[in-house]
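# Descriptive structure summary
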Amino acid sequence: LGSHFVANGLDCLKSGWVIFDLLLVITGALSLYILGPIFSNIEKDGNSIEVVKKMTGLFVMRTLRLFRIARLLRLIVFFRTLYKLVHGLVDSVGTILYAFVLILLILFIFSC
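Report follows, based on the coordinates. (Residues numbered from 1 in each chain as written. Predicted model: local features only at pLDDT ≥ 70, side-chain atom pairs only at ≥ 80, totals over all residues. Heavy atoms only, no water.)

### Considering the overall build of the chain
- Secondary structure assignment for the chain yields six helices and zero strands.
- When its helices and strands are written in sequence order, the chain yields α-α-α-α-α-α.
- Looking at the chain as a whole, 13% of its 112 residues are labelled buried.
- At a minimum sequence separation of 6, the contacts of the chain that also span at least 24 residues come to 50%.
- Total accessible area on the chain stands at roughly 9,200 Å², and carbon and sulfur atoms take up 74% of it. (Helix = DSSP H or I, 4+ residues; strand = E, 2+ residues; numbered from the N terminus. Buried < 20%, exposed > 50% of the residue type's maximum accessible area, 1.4 Å probe, protein only. Contact = heavy atoms within 4.5 Å. Areas by Shrake-Rupley, 256 points an atom, 1.4 Å probe, with all protein chains shown as cover.)

### Let's talk about the pattern of salt bridges
- Scanning all chains against the criterion turns up one salt bridge.
- Across the salt bridge formed by K14 and D11, the nearest N and O atoms sit 4.0 Å from each other. Here K14 and D11 have matching classes, each one exposed. (Salt bridge = Lys/Arg side-chain N within 4 Å of Asp/Glu carboxyl O.)

This is the structure in structure tokens:
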């Protein structure tokens, strides 16, 4: 996420995926650094059940991390295209090798 901001500046916020990642990072930091200490202090007190019931909506935001799996769908399409390109290059290695040998043979013949 930081590399997006360094490379593109605020223009990277035009991408929905970057905004989604930013939202996940903010909610993760919120739940880790703010809500974690609050809940650890509340559990020491006796009235923790009422406060936890009031703050369960914030824990729903933590489930948004599961939606990061949705990014995999985009990457699968990208990797399918990349796989086709790499597979085509690997299949053409034999032809490229034979052409290289033929060019070397022609250069050797005409150099003598």
